[in-house]
Amino acid sequence: MAEQSAYQKRFGGTVEDTKYPPNDFIKQILGRATVRRFKDQPLAEGQLELLVAAAQSAATSGMLQTWSVLALTNKEAKDRLVSTPEIRETMGSVDSSNMVAINECAVFLLWLADLNRADNILKAHAKEYNIDPDILLQTTRAEYHLKAIVDATIAAQTFSLAAESQGLAVMYCGAV
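Figured I'd write up the structure that's included with this text.

About the thresholds
- Residues numbered from 1 in each chain as written.
- Predicted model: local features only at pLDDT ≥ 70, side-chain atom pairs only at ≥ 80, totals over all residues.
- Heavy atoms only, no water.
- Helix = DSSP H or I, 4+ residues; strand = E, 2+ residues; numbered from the N terminus.
- Buried < 20%, exposed > 50% of the residue type's maximum accessible area, 1.4 Å probe, protein only.
- Core = buried A, V, L, I, M, F, W, Y, C linked by side-chain atoms within 4.5 Å.
- Contact = heavy atoms within 4.5 Å.
- Phe/Tyr/Trp six-rings, centres within 6.5 Å; stacked < 30°, edge-to-face > 60°.
- Lys NZ or Arg CZ within 6 Å of the ring centre and 35° of its normal.

1. Comments concerning the environment of P22
Here comes step 1: You can see P22 is positioned in the loop between α1 (6–11) and α2 (24–30).
Here comes step 2: By relative accessible area, which is 26% here, P22 ends up partly exposed.
Here comes step 3: Separated by 17 residues in the primary sequence, P22 and S5 place their C-alpha atoms 9.5 Å from one another.

What follows is the structure, given as structure tokens:
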């Protein structure tokens with residue numbers, strides 16, 4: 001019996017294989033899986049910065065990159081994240097694997113929709129460039145909040161794909 005393709009492994013061996021051959025990147029995506037247990041092993045020097053640079057290269061709405069990422073790289077920072085019983089309950093009640101993952105992973109990243117930088121730039125240059133007061137309200141509008149959420153999500157996914165391409169494991173934890 002022939003070995004199953006990445007496509008068939010993803011969707012089941014009885015599914016007809018795709019007619020178009022996937023490249024290595026698509027095979028990687030088809031073969032990905034969420035990992036819920038992590039090795040106690042730090043990232044290589046410079047690896048996190050490279051992966052964030054990949055995330056910064058992701059598609060973005062209006063080229064604004066209205067997101068930020070916080071990297072918690074030590075036990076103390078992770079403990080501050082889950083510093084109260086209520087927070088531990090919220091994160092653990094959605095998926096008990098969340099707390100295990102936070103404690104085991106080398107780096108826990110918080111991807112944030114962040115309009116603060118754009119807002120500060122607009123306000124700082126409003127007088128100098130005679131920016132219309134209506135433009136200064138852009139970051140308060142729902143459309144910009146939605147764009148920031150989408151941008152943060154695309155950056156996080158790009159980071160994840162880049163990390164997986166380097167043999168690293170990734171798990172999303174949405175209850176933060």
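2. Focus: helix α6 (residues 97–104)
Here comes step 1: Of all 8 residues making up α6, 6 are buried, and the element is well covered by its neighbours.
Here comes step 2: Those residues of α6 that sit buried are S97, N98, M99, A101, I102 and E104.

3. Some points on the nonpolar core
Here comes step 1: In this structure, L72, L81, V82, M91, I102 and F108 are the most contacted members of the largest nonpolar core, which totals 14 residues.
Here comes step 2: Among the secondary structure elements, those contributing two or more residues to this core are α4 (75–81), α6 and β2 (108–113).
Here comes step 3: Of all the elements, α6 adds the most residues to this core, at 3 residues.
Here comes step 4: Those residues in contact with F108, other than ones at most four positions away along the chain, are L70, A71, L72, L81, M91, I102, C173 and V176.
Here comes step 5: Formed by 12 residues, the second largest nonpolar core is a distinct cluster that contains L48, F159, A162 and V170.

4. A closer look at the packing of aromatic side chains
By convention here, two paired aromatic rings are described through the distance between centres and the angle between planes.
Here comes step 1: Scanning the entire structure with this criterion turns up 3 aromatic pairs.
Here comes step 2: An angle of 50 degrees between the planes, with centres 5.3 Å apart, marks the rings of W67 and W111 as tilted. In this pair, W67 is assigned in strand β1 (residues 67–72) and W111 in strand β2, connecting sequence segments 44 residues apart.
Here comes step 3: Given a relative accessible area of 21%, W111 falls into the partly exposed group.
Here comes step 4: Joined through ring pairs, the aromatic side chains of W67, W111 and F159 make up one cluster.
Here comes step 5: The lysine or arginine in question, K147, covers the ring of Y144, its NZ or CZ lying 5.0 Å from the ring centre.

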